[in-house]
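This is what each chain is made of:
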Amino acid sequence: MSLQNAILRTVMLQPVPLMLFAAVYLVEKDELQSGNALWLVIAAQFVIAAVVWSILWVFFCLVLWGVPVLWMSHPNMSLWKVPMLAVRVLCGGIWELVGMLLWYSVQMLPLVIIPWVLPRAILSVTAFFHIRLQTWEETHSKNPHYFALICSTVGK
């Protein structure tokens, strides 16, 4: 499970350096031609795309943080379906998670107390995903077809 998460995080981050490299190349190309603003506009679009892709990568990493919690509660689920379920469970709660992480990061500003705060932060993120999973299962237990489609993937 952790290898799968590491591979997914690494593969999803690969386009960002390529986009930034393309933007730098286009800016250098424009300096050589001097006078054609089209290359600068395209370079700016590459930088914007890299920033948007980085934001999506951060969201994806936050979702993957809850994958082990979800997999432990549904061990018969296919490993490739767990990240999709994590996205569905976290839908609408991402800002709560970001707020909680910001709260713990402010507490960790003095470097001396990091060893005491970091385990609490990790435990609270795990509890957050567990509570989100329970509330998601309660709301979707009324529609058994949807929940069975997501969770009953034994042998697939």
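Engineer: Could you give an account of the packing of helix 3 (residues 38-65) against helix 7 (residues 114-140), naming the residues involved and the relevant values?
Structural biologist: For the pair helix 3 and helix 7, the least separation of the axes is 10 Å and the interaxial angle reads 85 degrees. In terms of orientation, helix 3 lies roughly perpendicular with respect to helix 7. Of the residues in helix 7, those in contact with Leu62, Val63 and Trp65 of helix 3 are Ile122, Val125 and Phe129. When the residues that make up the contact of helix 3 with helix 7 are grouped by side-chain class, the tally is 6 nonpolar, no polar and no charged.

Engineer: With reference to specific residues and values, describe the nonpolar core.
Structural biologist: Counting residues in each nonpolar core, the largest one holds 26 residues, and the members touching the most others are Leu90, Leu97 and Phe129. Looking at this core, the elements that each hand over two or more residues are helix 3, helix 4 (67-73), helix 5 (82-90), helix 6 (94-107) and helix 7. The leading source of residues in this core is helix 7, at 7 residues. If sequence neighbours within four positions are ignored, Phe129 has contacts with Leu62, Val63, Trp65, Gly66, Val69, Leu90 and Leu97.

Engineer: Give me the lowdown on the side chain of Ser124, citing residues and values where you can.
Structural biologist: With respect to the helices and strands, Ser124 occurs in helix 7. Residue classification places Ser124 among the buried positions, given a relative accessible area of 16%. In this structure the side chain of Ser124 is engaged in a polar contact, spanning 2.8 Å, whose partner is the backbone oxygen of Ala121. Apart from residues lying up to four places away in sequence, Ser124 is in contact with Met100 and Tyr104.

Engineer: Can you break down a nonpolar patch on the surface residue by residue, with the values?
Structural biologist: On the surface, Leu20, Val47, Val51 and Ile55 cluster together to form a nonpolar patch covering roughly 330 Å² of accessible area. Positionally, Leu20 belongs in helix 2 (residues 15-33).

Engineer: I'd love a proper account of the environment of Trp80, names of residues and values included.
Structural biologist: By the element assignment, Trp80 lies in the loop between helix 4 and helix 5. The class for Trp80 is exposed, based on a relative accessible area of 57%. Through-space distance from the C-alpha of Trp80 to that of Gln4 is 8.8 Å; in sequence the pair is 76 residues apart. Setting aside its immediate chain neighbours within four residues, Trp80 contacts Gln4 and Leu8.

Rules of the game
- Residues numbered from 1 in each chain as written.
- Predicted model: local features only at pLDDT ≥ 70, side-chain atom pairs only at ≥ 80, totals over all residues.
- Heavy atoms only, no water.
- Axes fitted to C-alpha atoms, helices over the stretch in contact; angles between N-to-C directions.
- Helix = DSSP H or I, 4+ residues; strand = E, 2+ residues; numbered from the N terminus.
- Parallel < 35°, antiparallel > 145°, perpendicular 65-115°, else oblique.
- Contact = heavy atoms within 4.5 Å.
- Nonpolar A, V, L, I, M, F, W, Y, C, P; charged D, E, K, R; others polar.
- Core = buried A, V, L, I, M, F, W, Y, C linked by side-chain atoms within 4.5 Å.
- Buried < 20%, exposed > 50% of the residue type's maximum accessible area, 1.4 Å probe, protein only.
- Polar contact = N/O pair within 3.5 Å; in protein donor to acceptor, adjacent residues only side chain to side chain.
- Patch = residues over 30% accessible without salt bridge, like charges linked within 9 Å, V, L, I, M, F, W, Y side chains within 5 Å.
- Areas by Shrake-Rupley, 256 points an atom, 1.4 Å probe, with all protein chains shown as cover.
- Salt bridge = Lys/Arg side-chain N within 4 Å of Asp/Glu carboxyl O.

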